[in-house]
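The chain contents come next:
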Amino acid sequence: MAFELPPLPYSTNALAERGMCQETLELHHGKHHLAYVTALNGFVEKNDALKGKTLEEIVRFTYGKEDLAPVFNNAGQHWNHILFWQAMSPTEGGKIPGALEKKLTEDFGGVAQFKEAFKAAAVSQFGSGWAWLVLGHDGRLKVTKTPNGSNPLATGEGVALLGCDVWEHSYYLDFRNRRPDYVQNWLDRIANYEFAAAKLAAA
Ligand code: MN3
């Protein structure tokens, strides 16, 4: 069973008024994400050790294995983007539910402190990668960053509640080189904190 590109949970122009234009989403979902899925399927087709494994199993199995790095990069990016589309909301973007706000305040000192930490991680990720809000194994929320296609599932740092793509393809049409502005806008107007709260409640 080949992996498939999931449909966007909203239209490609749904986030345009919130700072992510239709062309960005068309290219990002229809070209970039699709390319990861296509490449991953090509690798699985040629490698019996990968056949029958779930996406999560492939991410964990290939992490840190030098000879399987191209598989890991594409599997990781497929997993990351599935989460990324869900981690954005055209209707509720930026609104933080009470239970999550309480937890953010407990673990970071406040919503503003959480956003500062997240922005710092996103901006300091040199080159391509991701910033994450993670529920750690100690039950506390934390912010992490990963390079390229890596993610908290691979590193075993905990459950990813939100992931922000800081590859240039995610923001260059809307914000040019201004990654800090993209991340601030993403946190304030695009991030789907309802999704994060639901993942937190289920974890
Ligand atoms: Mn991307």
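This is a predicted model, so every value here is computed, not measured. (Residues numbered from 1 in each chain as written. Predicted model: local features only at pLDDT ≥ 70, side-chain atom pairs only at ≥ 80, totals over all residues. Heavy atoms only, no water.)

Enquirer: Could you give an account of the packing of helix α2 (residues 55–62) against helix α3 (residues 69–86), naming the residues involved and the relevant values?
Expert: Relative to each other, α2 and α3 sit at 135°, their axes nearing to 9 Å. Between α2 and α3, the interaxial angle falls into the category oblique. The chirality of how α2 crosses α3 is left-handed. Residues L55, E56, I58, V59 and T62 of α2 form the contact with α3, whose own contacting residues are V71, F72, A75, G76, H78, W79 and I82. Class assignment of the residues belonging to the contact of α2 with α3 gives a composition of eight nonpolar, three polar and one charged. (Axes fitted to C-alpha atoms, helices over the stretch in contact; angles between N-to-C directions. Helix = DSSP H or I, 4+ residues; strand = E, 2+ residues; numbered from the N terminus. Parallel < 35°, antiparallel > 145°, perpendicular 65-115°, else oblique. Left-handed = near helix turned anticlockwise from the far one by under 90°. Contact = heavy atoms within 4.5 Å. Nonpolar A, V, L, I, M, F, W, Y, C, P; charged D, E, K, R; others polar.)

Enquirer: Give a detailed account of the coordination of the manganese ion, specifying residues and quantitative values.
Expert: Those donors, H28 (NE2), H81 (NE2), D165 (OD) and H169 (NE2), are the protein atoms that reach the manganese ion, and they lie 2.0 to 2.1 Å from it. Mapped onto the sequence, the donors of the manganese ion take the spacing H-x52-H-x83-D-x3-H. A residue pair is termed long-range when its members are at least 10 positions apart, and H28 in helix α1 (residues 22–46) and H81 in helix α3 qualify at 53 residues. On the accessibility criterion, H28 (0% relative accessible area) is buried. Accessibility expressed as a relative area gives 0% for H81, which makes it buried. (Donors = N, O, S within 2.8 Å, 3.2 Å for Na, K, Ca; no water. Buried < 20%, exposed > 50% of the residue type's maximum accessible area, 1.4 Å probe, protein only.)

Enquirer: So what about the sheet that holds strand β1 (residues 129–135)? Which residues, and what values?
Expert: What the three strands build is an open sheet, ordered β2-β1-β3; its pairing is antiparallel. Looking along the sheet, the strands with just one partner apiece sit at the ends: β2 (141–147) and β3 (159–165). Averaged over all adjacent pairs, the angle separating strand axes in this sheet is 25°, with direction ignored. The strands that helix α9 (residues 193–202) touches are β1, β2 and β3; relative to β3, the one it contacts most, it runs at about 155°. (Pairing = 2+ DSSP bridges.)

Enquirer: Run through the pattern of salt bridges, naming residues and quoting values.
Expert: Evaluation of the coordinates by the stated rule reveals seven salt bridges. Two residues, E92 and K95, come together in a salt bridge whose shortest N-O distance is 3.5 Å. The exposure class assigned to E92 is partly exposed, which follows from its relative accessible area of 29%. Within the structure, one salt-bridge network assembled from shared partners comprises K103, D107 and R140. (Salt bridge = Lys/Arg side-chain N within 4 Å of Asp/Glu carboxyl O.)

Enquirer: How would you summarise α9 if you had to cite specific residues and measurements?
Expert: When we look at burial in α9, the residues that qualify are Y193, F195, A196, A197 and L200. With a side-chain oxygen positioned 3.2 Å from the backbone nitrogen of E194, the residue opening α9 is N192. (Polar contact = N/O pair within 3.5 Å; in protein donor to acceptor, adjacent residues only side chain to side chain.)

Enquirer: Account for the environment of L187, naming residues and giving values.
Expert: The residue L187 is located in helix α8 (residues 179–190) in this model. Measuring from C-alpha to C-alpha, the distance between L187 and E92 comes to 12 Å, with 95 residues separating the pair along the chain. Once you skip the residues sitting within four places of it in the chain, L187 turns out to touch G94, F114, K115, F118, K119 and Y193.

Enquirer: Any chance you could break down the side chain of K103 for me, citing the residues and the numbers?
Expert: Among the secondary structure elements, K103 is positioned in helix α4 (residues 98–108). Its relative accessible area of 16% is what places K103 among the buried residues.

Enquirer: Requested: an account of the packing of helix α5 (residues 111–124) against α8, with residues and values cited.
Expert: Following both chains from N to C, one finds α5 and α8 inclined at 140°, their axes separated by 10 Å at the closest point. Of the two elements, α5 crosses α8, and the hand of that crossing is right-handed. For the pair formed by α5 and α8, the contact residues are F114, K115, F118, K119, A122 and V123 on the first element and R179, P180, V183, Q184, W186, L187 and D188 on the second. Tallied by class, residues from the contact of α5 with α8 come to eight nonpolar, one polar and four charged.

Enquirer: Got a sec to walk through α4? Specific residues and values, please.
Expert: Because each turn of an α-helix spans 3.6 residues, side chains separated by three or four positions in sequence point in the same direction. Among the residues of α4, L100, K103, L104, D107 and F108 are the ones counted as buried. Taken end-on, α4 shows its buried residues confined to a sector of 105°, consistent with a single buried face. Facing away from the buried side of α4 by over 90 degrees, the exposed positions are G98, A99 and K102. Check the buried side of α4 and you find it contacts α5, β1, β2 and α9. Immediately beyond the C-terminal end of α4, within one or two residues, lies G109, with a positive phi of roughly 100°. (Arc of directions from axis to C-beta.)

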